[in-house]
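Spelled out, the chains give:
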Amino acid sequence: MESAAASLKLLTLELGGNDAGIVLPDADPKAIAERLFWGAFINSGQTCGALKRLYVHDSIYAATCDALVDMANSVKMGDGMDTTNVLGPIQNERQFKRVVELVEEARASGATILTGGQPLGRGYFYPVTLVADIEEGTRLVDEEQFGPCCRSFATQM
């Protein structure tokens, strides 16, 4: 902003964050799974407003995780020239490496990888990755990953 102010340049500041979703105990996990999924993974999670963390009431936590895993496993990822693919790669090598690093750190800290969590061979294809049982203070929780991974927390509300 400071460098643009001197010449009155128009600019857009990307002030993205770590957007959260909250799932209350009266929700139907199967009914909301698709909306939660696309809230997190549209454009392979590479949007500022993408859902990065999900707080789920403990009474429906397992069912919500199961519904999201089912949804993730039904969505094809790959080359955009193949019209059956819905999700594509991470935009660049630096960001790809960051996502890999954050997920690996989460795994090493004891988080559970529900689905995904390993690069898909050639290119910057990283699968939809759902991470559960992750502790606050882990980089994947505290930092914006800007990629196809979302973490969930069981909580009592």
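Scroll up for the structure.
Residues numbered from 1 in each chain as written. Predicted model: local features only at pLDDT ≥ 70, side-chain atom pairs only at ≥ 80, totals over all residues. Heavy atoms only, no water.

Core analysis: the largest hydrophobic core is formed by 26 residues, its most contacted members being Val23, Leu36, Phe37, Phe41, Leu54, Leu68 and Leu130. Elements supplying a minimum of two residues to this core: helix H2 (29-41), strand E2 (53-57), helix H3 (61-74) and strand E4 (129-132). With 16 residues, the next largest nonpolar core counts Ala111, Ile134, Leu140 and Phe153 among its residues. (Core = buried A, V, L, I, M, F, W, Y, C linked by side-chain atoms within 4.5 Å. Buried < 20%, exposed > 50% of the residue type's maximum accessible area, 1.4 Å probe, protein only. Helix = DSSP H or I, 4+ residues; strand = E, 2+ residues; numbered from the N terminus.)

Glancing now at the side chain of Thr64. In this structure, Thr64 sits in helix H3. Under the relative-accessibility criterion, Thr64 is labelled buried at 2%. Contacts of Thr64, omitting those with residues within four sequence positions, involve Val23, Pro29, Leu36, Leu54 and Val56. (Contact = heavy atoms within 4.5 Å.)

For the rest of this paragraph, the subject is the environment of Gly78. Of note, Gly78 is situated in the loop between H3 and helix H4 (93-108). Residue Gly78 is classed as buried on the basis of its relative accessible area of 12%. Sequence separation of Gly78 and Leu120 is 42 residues, and the distance between their C-alpha atoms is 9.1 Å. Excluding its chain neighbours within four sequence positions, the residues that come into contact with Gly78 are Asn85, Leu87, Gly88 and Phe125.

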